Amino acid sequence: MAAQPTPAYQEAFLELALDSGVLRFGEFTLKSGRVSPYFFNLGQITRGAATARLGRLYAQALLASGVGFDMLFGPAYKGIPLVTSLAIALAEQGLDLPYAYNRKEAKDHGEGGRLVGAPPAGRVVIVDDVMTAGTAVRESLQLLRDAGATPAAVLIALDRQERGVSGRSAVQEMEAEGLRVVSLVTLTDLIRLLRARRQHADALARIEAYRAAYGV
């Protein structure tokens, strides 16, 4: 069977990640104590044009997934600019959807509560950067279900495909609970894209060794 062509949004996302310093190579100690040869941080997207590009790439990945949805939700804090840029990108394509996000702590004055934006309803896509332990996503699931909405999927930028303490990745654990996870790229995709570019050969070798040790 012939290999499937790489989606254009994946190539564009890697370009953005490298240009913006989102994806860096070196030695990075993770919360788990593992020393990773790469680090991924969407917080490096700090300008309007790059944020707009990112929102469009999220939109392409979401629409390509075939997931049905009625609104969007961004977990505090990184999910807030992501869900906003995604909502704008979808509106540019004629899909004008409501969105919401949460506060870390409930507000006890004004409108109060932990939710900001449109009232959760229907099928909701949760938008975030990466899923490490899944804590923020699980909190979002509870907030949405308590509000009467139905979580439809989680949309993230990168699936690190890395084993946790359970022996499965956070994405695998979430999907085992019945929630679909859509990622712009997986670590497998990143390795393939970097190999095709014939760049960062030393970093690529270290990443492949790291995946052999800790990957799922």
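Up top is the structure.
Quick look at the structure, then.

How each quantity is defined
Residues numbered from 1 in each chain as written. Predicted model: local features only at pLDDT ≥ 70, side-chain atom pairs only at ≥ 80, totals over all residues. Heavy atoms only, no water. Helix = DSSP H or I, 4+ residues; strand = E, 2+ residues; numbered from the N terminus. Rg over C-alpha atoms; globule rule 2.2 N^0.38 Å. Buried < 20%, exposed > 50% of the residue type's maximum accessible area, 1.4 Å probe, protein only. Contact = heavy atoms within 4.5 Å. Areas by Shrake-Rupley, 256 points an atom, 1.4 Å probe, with all protein chains shown as cover. Expected span 1.5 Å × (residues − 1). Axes fitted to C-alpha atoms, helices over the stretch in contact; angles between N-to-C directions. Parallel < 35°, antiparallel > 145°, perpendicular 65-115°, else oblique. Nonpolar A, V, L, I, M, F, W, Y, C, P; charged D, E, K, R; others polar.

## Considerations on the overall build of the protein
- Across its full length, the protein holds seven helices and eight strands.
- For 216 residues, the compact-globule formula gives about 17 Å, and the C-alpha radius of gyration of the protein, at 17 Å, lands near that figure.
- Projected onto the principal axes, the alpha-carbon positions of the protein cover approximately 55 × 40 × 40 Å.
- The proportion of buried residues among the 216 residues of the protein is 46%.
- Within the protein, counting contacts between residues at least 6 apart in sequence, those at least 24 apart form 71% of the total.
- Carbon and sulfur atoms make up 52% of the accessible area of the protein, which totals about 10900 Å².

## Focus on unusual backbone geometry
- The omega angle of the peptide bond from Ala-76 to Tyr-77 is 0 degrees, so this bond is cis rather than trans.
- Here Tyr-77 shows up in the loop between β3 (71–74) and α3 (79–92).
- In the Ramachandran plot, Arg-198 falls in the positive-phi region, its phi being about 55 degrees despite a non-glycine side chain.
- Although it is not a glycine, His-200 adopts a positive phi angle of roughly 55 degrees.
- Of note, His-200 is situated in the loop between α6 (187–197) and α7 (201–214).
- By relative accessible area, which is 35% here, His-200 ends up partly exposed.

## Considering helix α1 (residues 8–19)
- Between its terminal C-alpha atoms α1 stretches 17 Å, which fits the 16 Å expected from twelve residues at 1.5 Å a residue.
- Residues of α1 that are buried sit in contact with β1 (23–29), β2 (35–40), α2 (48–65), β7 (150–159), β8 (180–186) and α6.
- Backbone geometry just downstream of α1 places Gly-21 in the positive-phi region, at approximately 75 degrees.

## Some points on the side chain of Ser-169
- In this structure, Ser-169 sits in the loop between β7 and α5 (170–176).
- Not counting residues within four places of it along the chain, the set of residues in contact with Ser-169 comprises Gln-161, Glu-162, Arg-163, Gly-164 and Val-216.

## Focus: the environment of Val-125
- Inspection of the secondary structure assignment puts Val-125 in strand β6 (residues 123–127).
- In this structure, the C-alpha to C-alpha distance between Val-125 and Thr-188, residues 63 residues apart in sequence, is 24 Å.
- Leave out the neighbours within four places in its chain, and Val-125 touches Leu-62, Val-67, Phe-69, Met-71, Leu-72, Phe-73, Ala-153 and Leu-155.

## Concerning the environment of Glu-208
- Examined against the element boundaries, Glu-208 turns out to sit in helix α7.
- Overall, Glu-208 belongs to the partly exposed group, its relative accessible area being 32%.
- For the pair Glu-208 and Arg-163, spaced 45 residues apart in sequence, the C-alpha separation works out to 14 Å.
- Apart from residues no more than four positions distant in its own chain, Glu-208 is found in contact with Ile-191 and Arg-195.

## A closer look at the packing of α2 against α3
- Direction vectors running N to C along α2 and α3 enclose 70 degrees, while the axes themselves pass 8 Å from each other. Classed by the angle they form, the pair α2 and α3 counts as roughly perpendicular. Side by side, α2 and α3 meet where Thr-51, Leu-54, Gly-55, Arg-56, Tyr-58, Ala-59, Leu-62 and Leu-63 of the first sit next to Leu-82, Ser-85, Leu-86, Ala-89, Leu-90 and Glu-92 of the second.

## Considerations on the packing of α1 against α6
- Remark: α1 packs on α6, axes separated minimally by 11 Å, with the N-to-C direction vectors making an angle of 80 degrees. The angle between α1 and α6 places the two elements in the roughly perpendicular class. Mapping the contact onto sequence places Gln-10, Glu-11, Leu-14, Glu-15 and Leu-18 in α1 and Asp-189, Leu-190, Arg-192, Leu-193, Leu-194 and Arg-197 in α6.
- For the contact of α1 with α6, the class distribution of residues is five nonpolar, one polar and five charged.

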